[in-house]
Amino acid sequence: MEQLPESVDRDILEHRIIAALKAIRETSGCTLHEALDVFAQRYEELRRDRPDDFGLSRDEYGRGFYS
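The model shown is predicted, which means the values in this text are computed figures rather than measured ones. (Residues numbered from 1 in each chain as written. Predicted model: local features only at pLDDT ≥ 70, side-chain atom pairs only at ≥ 80, totals over all residues. Heavy atoms only, no water.)

## Quick notes on the packing of aromatic side chains
Counting across every chain of the model gives 4 aromatic pairs. Taking the centre distance of 6.4 Å and the plane angle of 15° together, the rings of Phe-39 and Tyr-43 count as stacked. Of the two residues, Phe-39 and Tyr-43 both sit in helix α3 (residues 32–49), 4 residues apart, roughly one turn of that helix. Judged by relative accessible area, which is 9%, Phe-39 ranks as buried. (Phe/Tyr/Trp six-rings, centres within 6.5 Å; stacked < 30°, edge-to-face > 60°. Helix = DSSP H or I, 4+ residues; strand = E, 2+ residues; numbered from the N terminus. Buried < 20%, exposed > 50% of the residue type's maximum accessible area, 1.4 Å probe, protein only.)

As structure tokens, then:
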């Protein structure tokens, strides 16, 4: 994965999905579909490496977000 701005991790941890996707797209120039893939990969890495930094459970995190 290419170098992402630190704001992406903060946005993911603070449940700001759209802001994270926007930053990913702006940084890499990728499509929305590609940004969703990058987001999902980084989300899983953060869940594995920093589970206590998430305020929502896995089930709650994506609730209400449809892509």
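Moving on from the model shown.
## Quick word on the environment of Ala-35
Note on placement: Ala-35 falls in helix α3. For Ala-35, a relative accessible area of 0% translates into the label buried. C-alpha separation for the pair Ala-35 and Asp-53, spaced 18 residues apart in sequence, amounts to 22 Å. With sequence-adjacent residues up to four places away left out, Ala-35 is seen in contact with Leu-21, Ile-24, Arg-25 and Cys-30. (Contact = heavy atoms within 4.5 Å.)

## Comments concerning the pattern of salt bridges
Counting across every chain of the model gives 8 salt bridges. The residue Arg-42 makes a salt bridge to Asp-9 at a minimum N-O spacing of 2.8 Å. Placement of Arg-42 in helix α3 and of Asp-9 in helix α1 (residues 6–13) is noted, with a sequence separation of 33 residues between them. Each member of the pair, Arg-42 together with Asp-9, is buried. For the salt bridge of Asp-53 with Arg-50, the shortest nitrogen-to-oxygen distance reads 2.6 Å. Judged by its relative accessible area of 40%, Asp-53 is partly exposed. The exposure class of Arg-50 is partly exposed, given its relative accessible area of 34%. Overlapping salt bridges, with partners in common, bring together Asp-9, Arg-42 and Glu-45 in one network. (Salt bridge = Lys/Arg side-chain N within 4 Å of Asp/Glu carboxyl O.)

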